[in-house]
Structure formats: structure tokens, C-alpha cells
Amino acid sequence: MESTNVLMAGFGGQGMLLAGKVLAHAAMAEGKEVSWLPSYGPEMRGGTANVTVCVAARPIASPLITTPQALMVMNLPSLEKFAPKVMEGGLIVVNTSLVHRDPKREDCTVVKVDARHVAGLAGTERAANFVMLGAYVAASGVVAPESVEREIENEFTGRKAKHVPANIAAFRAGVDAGRDVQETAAQEQDA
Amino acid sequence: MTKVLMKGNEALGEAAIRAGCVHFFGYPITPQTEVPEYLVKRLPEVGGTFVQAESEIASINMIYGAAGTGVKCLTSSSSPGISLMAEGLSYIAACELPCVLINIMRAGPGLGGILPAQSDYHQATRGHGHGDYQLIVLAPASVQEAVDLMTLAFELSETYRNPVMVCADGMIGQMMEPVEFPTEGRGEPMADNDWALTGSEGRERRIVNSLYLSPEDLDAHNRKLKAKYDLIAEKEVRHELYGETESPDLLLVAFGTMARICKSAIDDLQAGGAKVALFRPITLKPWPYAACREAMDLLPADAPVLNVEMSMGQLIDDVRLAGEGSRRVEFLGAAGGVVPTPEQVAAKIRELLP
Amino acid sequence: MGYIRIERAVCKGCGRCIIACPKDLIEFSEEINERGYQVVTYKGSPEECGGCTLCAVACPDLGIETWNNRGKQTFTVTTGLTEKMTHYCPGCTHGVVHRIVAEVLNELGLIGRAIGVAPVGCSVLAYEYFNFDMFEAAHGRAPAVATGAKRARPDTIVFTYQGDGDLASIGGNEILHTANRGEKITVIFLNNAIYGMTGGQMAPTTMPGQRTTTSPFGRDVEDTGMPIKVAELLSSLTTPAYIARGSAHDSKHSVRLKKMIKTAFQHQADGRCFSFVEVLSTCPTNWGLSPNEASAWVADAMMDYYPLGVIKEPAKEPATAPAKA
Ligand SMILES: Cc1ncc(C[n+]2csc(CCOP(=O)(O)OP(=O)(O)O)c2C)c(N)n1
Ligand code: SF4
Ligand code: SF4
Ligand SMILES: [Mg+2]
């Protein structure tokens, strides 16, 4: 992998910034160059929040990405805003718990995950962000899933440590969802 | 030393402590608020002082007071807040007090917006308060460089007894990147000196003042300041040359975040054989005129220079001064928090290449 | 039988109306609206609602209109506000105070003469919502801008709308001198004990021990002093005409608040000098509380320290002029 990047977008409070941070840490632990660039604005709930994470073998020139290679969307406004901007042949991970519309990008690999539902089964609906991250990591191969799991452990410490198992379970469920899609895509290509 | 992933604003705060600064005075403003939010937690751990001022006017005058007693001190703000510091900066520079201030620029004028911009370039390099004084202005292009320049800022401010501004845009303040700090723990305090107000017991009393009733004395004071600025200009200019540095067909000039975006454009075009260089001033004041002129002289006779900035034509003044009329200087810019993309820069380069 | 109409597209799911209804007739529905909020719904039978308006008065987002038993509309959305949905967080009482100011100006027939000055703070976009002439001022400087406007055009009704960071911190100088000069303007001062817009830093009005991002271990009054009681502080000046403090945290108090704001504007309309109303307000987002918890916090933690009531008013003019001695 020379370099890759992903735009993660959703409502504020849906945990995209955190998922991005965990991904950046995981890539950094693997010895890669990273940047994490959030959208920022007045602290207001309900607004949209997004973050761009770049991962590369060489120092990152511009952290500002206008045509991301991958997109992770938690809500409809983000899908409508960013799906048209994804690079040709890119990857789009969609949270179907809240987004019922198709990205309308025939050229892209689209991974659909009912993130809230999957997270609920894993222990907490609040970990939908890590389900999405798992799907992205599996479908893109940007980092090893184990690296992310270690960083989830590092992220939730002290009083928050009790959230580790549910978040890791959610992440793994996401990895499975992403991997299924990748395998089907590979089979379709073989056929 | 290990790398840590840190937000630019937090890294700037930590770098100040590593440089020996444990006195912070500031007022919240987006997109720099993480500087005070970080330091309010961190300073008590190193025996430091944190004061949330009632305004930036107060912050800069608290700095005047702290710097006047010979301690390393820091304030931090963003564009509208820096405007309010204009008067204080003039006094501090007049009194030759060392201090560091951070400007995490956002888009103006007026209340403008909170997104990244470089539109305080003139303010930083020429503007702010009244009178014949200069700041030293350092412009990082990454979180790591922000840390490195913070360290330098405290050194320069002490050496030259002058306020130093670290001038970055909102993107560098908000972005997380891996950083390595040059030193561990809290750095050294300011060395003893013969000007700080510490209580006059056992010595002649000292006065921190900028009032000169005699015009001859004020003239002499200004000449002394001028000599200092000339010395700084001679010794402290810094820049980077990137890309095709042997015989480029086009030279870009940009600083901070914009320079990084230009680098992406250059990297993308290099594959196609385009020979493009980037000149990046790291010190915005003093400006590296001679080095920039040398870079321009690498170009073929009639090749243009492309000035790229996140403002409407401010940096370009210095690029023209460097060229002294020898070059056509083209302009690409954007304002309001709109950041020119690598693709837009590349398109403009293609348009200009022979 | 009375009834209410809930505008589901507007509802931010703050739940304030649920608490406000004295008959417990409102609840959350399953529906999530376009903007991602879980909206409320009427759960009672038709006869139960009397159209008392308390839910509508509690709603910061003009999400409810009400009708009484005789089919008469008891709460109508004021035309003093534009139709734009506010950017405020769910349950933020900025919306309530906007509504009251607009209603008062409307009821006093002053809309056509009004000039408002928005601050820098969460209410910076107030000019998007107030449906009359508006300035946007630099952080803290609104009273000076208002002074300029009122002196230049004495026939207008000029007011500032300012937060506690804006008015009591960076703008401390302007408010003091504007009040002391007795400028014939009205100031609506929103005290939510925090800097909302910049993400929850300490304000001069932050309560002792209150955690904010710049008082992460709780406000230490040894280091930062006690919260400023702006209404009392300004009352120590001789010049100002009217100074009061109300609260917007629940419907009952909002009704009283409206009377104060009306009196304040009436004084200006009558040509009397400086009138000022401080409003205790909520910032659920930066307090880390739900909207209804935030309202309870105003009552429990703020109201003792910031007592409500009229603090200063013009001496009553005698009904008949005293006979010359
Ligand atoms: C000169 C200047 N300094 C700082 C800021 C940043 N700033 C914007 S709003 C604000 C505080 C707002 O708090 P408050 O007045 O209490 O209003 P609220 O958001 O709580 O309603 C600050 C510090 C600014 N815009 N201009
Ligand atoms: S008060 Fe208004 S915004 Fe809040 S839940 Fe009720 S209708 Fe919705
Ligand atoms: S941050 Fe606080 S004051 Fe600002 S809109 Fe949200 S709740 Fe209201
Ligand atoms: Mg406030």
C-alpha cells in the first residue's frame, strides 16, 4: 500500500471522530505515516461531523482530500454530500440503520452494514461506529484488524475500560460484514 | 524518543512546556481553544500558571506583565483575538520583552468564519499595532514543525528580546499527526538578565517603559530596534525548497498548509515529468528574500512564478519584492476557509508550463 | 376539547414539552425526523387537552401550536421571528428567549422600529431569526454598537442580545459604560454559566465547582473569583432605569420573564433610559446534561445565587404633581 485515505462522516455524537482516531493510532502503530483532519465548527449537537484519515508509507503531503478513496457514512446528509466525491472505483461503507438510499455509484464497491443492529447484537448500539470501522478495515485492508483492537483497548482506559469488550465485539462483527462483501466481490470477479 | 499522535493545538501547548514556558494567559476562540484547554490541565502538573483572561486585550497585557518580570510566557489566539492584541504587542515590542504568541488563523475579515485561512499574513508581517516595530513570525506546515518552531520561538524571543509569533492556520491547529518532542519534561526557565523587574533589593531599580519625551531619545530607540531587526533578518531567515530543485520550469511559492497542498500537486505532476519546485518561507518575518530570488534564478529566463495562498493576495507582495521585477508572478488564491485543492494547483501549473 | 399541533419537522426531541404538560399528555414517538431527532407526539385522548399553552411556551423551537376548548388558537407562532429553523442544540433556551423578545416587540407594536444587535456567541446567528433590522457586532461590543445606532436614530428601538462570555467577560467595559451613560437601549443578557459556542469554557458566571473545559477540576473560586452577578453589579449604578433577572428554564418562569422583557422595552418606548434583563438559561450540550436535567440544574444550582426579580426600577411618578412649596 503506497497511500490511502478515508472520509468518515455522520451526525456529531455518532463517533466518527473517535473511529478515525483509533484507525490513525492503529496505522501509526504499524509504522505508517498518518494524518487525522476533522471538520470543525461551533460545538452543536445534531450537526454533521466528519474526519479524513490519511495512511501512507511516505510522509503525507496534503492531509486535505477532496476525492477520498473510501467513504464511511453514518447518515443520509453525509451520503448525499460525499458519495459523489469518492474516487472512481473507490469504496463506500454505508450504515443502513439510518441510510436507506443507494449511493448511486456503480463504479464503487459498496458495503452495506446495519451498524446499529449489528452493534446491538454485539452488546451495545452505541458501538455502531466501530462496526463501520470494522467493515472498512476488512474491505480495504488498510491495517490489520488486530492493530485496531489493540487501539480500542488503549482508547478506553480507567473508568471507560468496561466498554472495551463490547466495542471490540462490535468491531469484529463489522470486520465479518466487510469480509463477506469482499469475498463475494472477489467471487464475482472470478466468475 | 517515541512518537505520539497529537492535535496541533495540543502539541503547541506541550512544546511550550518543553521549551520551559509555564506561564499561559489566554482567551477561548475557535480554532485554537485546545491550546488553553490542554494547558489548563497540564500546567498544574509542572508547577505552572494558567489564567483565562477576560479578553485578548487583557491576555496580551498579562503577557506584558509576566514577560516584564523575566519569565517565559505564552498567549494563544486566532485572528479576531490577535486584532485585539495589536496595542499590547506594540508596547511589548517597544519595551523589548521576550514572549511567544500563537495565531491559529481563521478566515476574516470581521467575524468572518472559523475555517482555515492565511489572511492574517499582512497583519502578522506588517500590521498589528502602531509604530516602527517588528515581530519574528514563524509558519509551520505540519504538527511536527509546529512543535519544532515553538522551541525555536522561545529561543529567538529570549535571544533578541522580541515577541515571536507562531502563525499557523486552523487546519494545523485541528489536525492530529504523529509528533516527537525534542526534549523531555519541563524546559529551562529564562536566564537571569539585567532588565527584568524582580524587585530592586540589592541593585539599581529598573523600569519597563516605552515613553520617550525627547524626540532624539525616541529616534535613538527606534534606530536601536532597527539594528536589531536587521540583525535578525541577516541571521534568522529560514526556508525550504522542494521538488525539482536543480532546473525547474516553474517555481511555486506558498507557506504553511498551502505549501503542503502544493507539494501534493508537485508530486502528482512529477510522474508526468513536470519540473516544478516549491519555495516555502518558514520565517514570514524576516522573509527569505535572497533565497527566494536564488530559487527564481534557477528558472528559464521568461518562466513565471506561481504564488499560492489562502488569501486574496498578501504573500504575493513579498514574492514580488523578492523578484524585484525580474519575474512575472502569477496568483492562485482562495478565501473564507476555502482551501485550494492539489488538483486546482496542478491545473494552474499545467496552464502555466510551456 | 382543546388540542395541540406538533410540527414534526421542527421538533428536536428535547422533551421539554413532555415535562411542561401538567396533564402528562405528550410522549416520545418512535419516529426519527429528517434531521435525526426523535420527535414527540400527543398521547392523550382528545378531551384531555385544554390548550393551556405550557408545552408551546416550553418549546425552544416553535414546534407546537395550541387551541382551547372553544377551538380558539391559544398559542400562535409569532411573526416577529423568521421561519428559519434555529441552529441551537435540542433544549437550548436561547430559542425560548428569542421567541419572547419577538412576541414582546410584536405586542408593543415596535417591530417596525426595532434594531437588534447580535453578539458573538451561540446567538451570533440571531439575525437569521429575528424578523427585523439586525446588526452583528464584534465579541462584547454590542452595547457600543447599540449606543451608536440609538444616538444616531433616537426614534428606533434598539436592543442587544448577549451571552455571559460576550457581556460579562470581554464586553465588561462596554456594558458598564453603556449602562452608566444611561443609553436609551434595552439589553437582554443570557446567563448560561458557560461559553456555549466555543465548546464549554468557563464564563465569569460559571458556578463555583462547575466543571468546564477551562475549569476541568471544577471552578476554583480561590483562583478565579466568584461568579459575577451582573444584574446586581449594574444596579449599583445610579443611572439605569430598569434591571431585572428572570429565567427561561421552564414554562412558568418563562411567562414571568416575558413580563420583565415587556417592561424593559416599554421603558425604552417611553423614552426612559437603560433597561436590562438577565435571563438564566440552559446549555445542555456543554453542561453534559439532558435538556430537562439542565432545566432542573438552573433551579437547583443557579437560582439561589442568582435570585430572580426586579432589582431596580424607576421611582413611581406621583399621580398628581406635588404642589409647589
Ligand atoms: C475577539 C474574540 N475573541 C474570542 C472569540 C471566540 N468566541 C466566540 S463566542 C465566545 C463565547 C461565547 O460565550 P457566551 O457569550 O457565553 O455565549 P453562549 O454561546 O454561551 O450563548 C467566544 C470566546 C471571538 N469570536 N472574538
Ligand atoms: S419542546 Fe419542542 S422541540 Fe422539544 S420535544 Fe417538544 S416539540 Fe420537540
Ligand atoms: S452550545 Fe449550549 S448555548 Fe449553544 S446552542 Fe447548544 S445548548 Fe445552546
Ligand atoms: Mg454563555
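Bear in mind that the values here come from a model prediction, so they are computed numbers and not experimental data.

Regarding the domain arrangement of chain B
Residue and element names in this part refer to chain B. Splitting chain B by domain gives domain 1 (4-235) and domain 2 (241-352). For domain 1 versus domain 2, the distance between C-alpha centres works out to 28 Å. On the domain 2 side, the residues contacting the 30 residues of domain 1 number 25 residues. With both chains or domains summed, domain 1 and domain 2 bury close to 2,300 Å², and 55% of this area falls on carbon and sulfur atoms. Run the count over domain 1 and domain 2 and you get three salt bridges. Between Arg126 and Asp318 there is a salt bridge, and its shortest N-O distance comes to 2.8 Å. In this assembly, domain 1 and domain 2 are joined by 17 residue pairs in polar contact (both at pLDDT 80 or more).

What to know about the coordination of the magnesium ion (ligand 4)
Residue and element names in this part refer to chain C. For the magnesium ion (ligand 4), the full set of protein donor atoms is Asp164 (OD), Asn192 (OD1) and Ile194 (O), at a range of 2.1 Å. Taken in sequence order, the residues that donate to the magnesium ion (ligand 4) follow the motif D-x27-N-x1-I. For Asn192, a relative accessible area of 7% translates into the label buried. Look at Ile194 and you get buried, because its relative accessible area is 1%.

Quick notes on the domain arrangement of chain C
Residues and elements named next belong to chain C. Structurally, chain C comprises domain 1 (3-75) and domain 2 (94-312). Taking the mean C-alpha position of each, domain 1 and domain 2 sit 27 Å from one another. Contact with domain 1, which involves 13 residues of that partner, is made by 13 residues of domain 2. Around 900 Å² of area is buried between domain 1 and domain 2 when both sides are counted, 56% of it from carbon and sulfur atoms.

As for the pairing of strand β11 (residues 276-281) of chain B
Residue and element names in this part refer to chain B. β11 sits mainly inside the fold: six of its six residues count as buried. Side chains Val276, Leu278 and Arg280 project from β11 onto one buried face, and the interleaved Ala277, Phe279 and Pro281 project onto a second face that is buried too. Where strand β9 (residues 239-243) and β11 come together, five bridges link them in antiparallel fashion. The residue bridging Tyr242 from the neighbouring strand is Leu278, located in β11. When strand β10 (residues 250-253) meets β11, the two strands line up parallel, connected through four bridges. Residue pairing for β11: Val253 is matched across the bridge by Phe279. Each parallel crossover has a hand, and for β10 linked through helix α10 (residues 256-270) to β11 it is right-handed.

Focus: the site of ligand 2
Taken together, the residues surrounding ligand 2 are Cys11(C), Lys12(C), Gly13(C), Cys14(C), Gly15(C), Cys17(C), Val40(C), Cys59(C) and Ile64(C). When its residues are assigned to classes, the shell around ligand 2 shows six nonpolar, two polar and one charged.

Looking at the interface of chain B and chain A
The partner chain A presents 20 residues to the 26 residues of chain B that form the contact. Across the interface of chain B and chain A, roughly 1,800 Å² is buried in total on both sides, 70% from carbon and sulfur atoms. Where chain B meets chain A, there are zero salt bridges. Applying the counting criterion to the chain B and chain A interface returns five residue pairs in polar contact (both at pLDDT 80 or more). When contributions to the side of chain B that touches chain A are tallied by element, the ones reaching two or more residues are β1 (4-7), α8 (170-174), β8 (176-179), α10 and α13 (342-352) of chain B. Of all the elements, α10(B) adds the most residues to the side of chain B that touches chain A, at five residues. When its residues are assigned to classes, the side of chain B that touches chain A shows 14 nonpolar, five polar and seven charged.

So, the side chain of Ser79(B)
In this fold, Ser79(B) is placed in helix α4 (residues 79-84). Beyond its immediate sequence surroundings of up to four residues, Ser79(B) is in contact with Asn103(B), Ile104(B), Met105(B), Arg106(B), Asp120(B) and Gln123(B).

Focus: the site of ligand 3
Taken together, twelve residues form the shell around ligand 3, and within it Cys89(C), Cys92(C), Cys122(C), Cys283(C) and Asn286(C) come nearest. Near ligand 3, the surrounding residues belong to chains A and C. When residues of the shell around ligand 3 are assigned to their parent elements, the largest contribution, three residues, is made by helix α11 (residues 284-287) of chain C. Looking at the shell around ligand 3 residue by residue, the class counts come to six nonpolar, five polar and one charged.

Quick word on unusual backbone geometry
Look at the link from Thr30(B) to Pro31(B): it is a cis peptide, with omega at 5°. Structurally, Pro31(B) is set in the loop between β2 (23-26) and α2 (34-42). Of the consecutive residues Gly108(B) and Pro109(B), the connecting peptide bond is found in the cis state with omega at -5°. Turning to its location among the elements, Pro109(B) is positioned in the loop between β5 (99-105) and α6 (121-125). Positive phi outside glycine occurs at Ala193(C), with the angle close to 60°. Its place among the elements puts Ala193(C) in the loop between β9 (186-191) and α8 (221-224).

A closer look at the sheet that holds strand β4 (residues 64-67) of chain C
Residues and elements named next belong to chain C. Here we have three strands laid out as an open sheet, ordered β1-β4-β5, and antiparallel in their pairing. Unpaired on one side and paired on the other, β1 (3-6) and β5 (73-75) mark the two borders of the sheet. Each neighbouring strand pair of the sheet contributes to a mean axis angle of 30°, computed without reference to strand direction. With two bridges joining them, β4 and β5 adopt antiparallel strand pairing. Paired with Trp67 across the bridge in β5 is Gln73.

Here's the deal with the pairing of strand β13 (residues 305-309) of chain B
All names here are of chain B. Burial of β13 is extensive: five of the five residues sit out of reach of the surface. Taking every second residue as pointing to the same face, both faces of β13 are buried, with Val305, Asn307 and Glu309 on one and Leu306 and Val308 on the other. The pairing of β10 with β13 spans three bridges and is parallel. By the bridge assignment for β13, Leu251 is matched with Val305. Two strands pair when backbone bridges link them, and β13 and strand β14 (residues 329-333) are joined in this way by five bridges, in the parallel orientation. By the bridge assignment for β14, Leu306 is matched with Glu330. Following the backbone out of β13, through helix α12 (residues 315-323) and into the adjacent parallel β14, one traces a crossover that is right-handed.

Scoring rules and cut-offs
- Residues numbered from 1 in each chain as written.
- Chains lettered and ligands numbered in written order.
- Predicted model: local features only at pLDDT ≥ 70, side-chain atom pairs only at ≥ 80, totals over all residues.
- Heavy atoms only, no water.
- Domains from an automatic or database assignment.
- Contact = heavy atoms within 4.5 Å.
- Buried area = accessible area lost by both parts, 1.4 Å probe.
- Salt bridge = Lys/Arg side-chain N within 4 Å of Asp/Glu carboxyl O.
- Polar contact = N/O pair within 3.5 Å; in protein donor to acceptor, adjacent residues only side chain to side chain.
- Donors = N, O, S within 2.8 Å, 3.2 Å for Na, K, Ca; no water.
- Buried < 20%, exposed > 50% of the residue type's maximum accessible area, 1.4 Å probe, protein only.
- Helix = DSSP H or I, 4+ residues; strand = E, 2+ residues; numbered from the N terminus.
- Pairing = 2+ DSSP bridges.
- Right-handed = clockwise from strand over helix to strand, strands pointing away.
- Near = heavy atom within 4 Å.
- Nonpolar A, V, L, I, M, F, W, Y, C, P; charged D, E, K, R; others polar.
- Axes fitted to C-alpha atoms, helices over the stretch in contact; angles between N-to-C directions.

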